Amino acid sequence: MRVELSDEARRYIGRFDELTDVTPKDCLVEGDRLVFLIPAGEMAAAIGQAGETVEAVERRLSKSVDLVEDAETPEAFVASALAPAAVNAVTVSEQNDRVAYVEVPEPDRGVAIGADGRNIETARTLAKRHHDIDDVQLT
């Protein structure tokens, strides 16, 4: 699936790559927050020891930075997009629309949703862009 990136997102991906030697696969620009999709297996390099690399990126870009690790299957991808919330299971239904139903323990529902629904909206956007999932719903 081909993802269309804005010029602004491309610039942030380039800067992230320069600062970390990790090339993100996608970037969502959400006001004062950037969400980078990191290739599978490269998350440790993107974060750095004790978070120092991502903190340096935040300082240099003057933005809050969140990282999501890519995954091969839609189920694993949705679980990764909702981290650090604990996800017990993800089921993708393809009856009318393609919907990911995510089982999250009650104590982690707030983390999965995020302030003003920010985390789940990010998961929905990324899941649509990379796995053609129309919606993500918590169960």
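Rules of the game
Residues numbered from 1 in each chain as written. Predicted model: local features only at pLDDT ≥ 70, side-chain atom pairs only at ≥ 80, totals over all residues. Heavy atoms only, no water. Pairing = 2+ DSSP bridges. Helix = DSSP H or I, 4+ residues; strand = E, 2+ residues; numbered from the N terminus. Axes fitted to C-alpha atoms, helices over the stretch in contact; angles between N-to-C directions. Contact = heavy atoms within 4.5 Å. Phe/Tyr/Trp six-rings, centres within 6.5 Å; stacked < 30°, edge-to-face > 60°. Buried < 20%, exposed > 50% of the residue type's maximum accessible area, 1.4 Å probe, protein only. Salt bridge = Lys/Arg side-chain N within 4 Å of Asp/Glu carboxyl O.

Chemist: When you look at the sheet that holds strand 6 (residues 135–138) in this model, what are you seeing that I'm missing?
Modeler: Strands belonging to one sheet form pairs held by backbone hydrogen bonds; the direction of such a pair is parallel or antiparallel. Judged by pairing direction, the sheet is mixed, and its three strands sit side by side in the order 4-5-6 without closing on themselves. Because the sheet does not close on itself, it has two edges, and the strands there are strand 4 (89–93) and strand 6. Across the sheet, the axes of successive neighbouring strands diverge by a mean angle of 20°, strand direction being ignored. The strands touched by helix 4 (residues 74–81) within the sheet are strand 4, strand 5 (99–103) and strand 6, with strand 4 carrying the most contacts at an inclination of about 125°.

Chemist: What is the right way to look at the packing of aromatic side chains in this model?
Modeler: Think of a pair of aromatic rings as described by two things: how far the centres are apart, and how the planes are tilted against each other in angle. Per the counting criterion, the structure on display carries one aromatic pair. With a centroid separation of 4.4 Å and 35° between ring planes, the pair formed by Phe16 and Phe36 is classed as tilted. Of this pair, Phe16 sits in helix 1 (residues 7–20) while Phe36 is found in strand 2 (residues 33–38), placing the two residues 20 residues apart along the sequence. Residue classification places Phe16 among the buried positions, given a relative accessible area of 0%. Taking the relative accessible area as the measure of exposure, Phe36 reaches 0% and is therefore buried.

Chemist: Any chance you could explain the pattern of salt bridges here in plain terms?
Modeler: If charged atoms from side chains of opposite charge come close, those side chains can pair. Summed over all chains, the structure comprises 10 salt bridges. Notably, a salt bridge pairs Arg15 with Glu18, separated by 2.8 Å at the nearest N-O pair. Here the residue Arg15 and the residue Glu18 both occupy positions in helix 1, the gap between them amounting to three residues, near one helical turn. The partner of Arg33 in a salt bridge is Asp66, and the shortest N-O contact between them spans 2.7 Å. Of this pair, Arg33 sits in strand 2 while Asp66 is found in strand 3 (residues 64–69), placing the two residues 33 residues apart along the sequence. Judged by its relative accessible area of 4%, Arg33 falls in the buried class. On the basis of relative accessibility, which here comes to 25%, the residue Asp66 falls in the partly exposed class. Within this structure, Glu30, Arg33 and Asp66 form a network of salt bridges that share partners.

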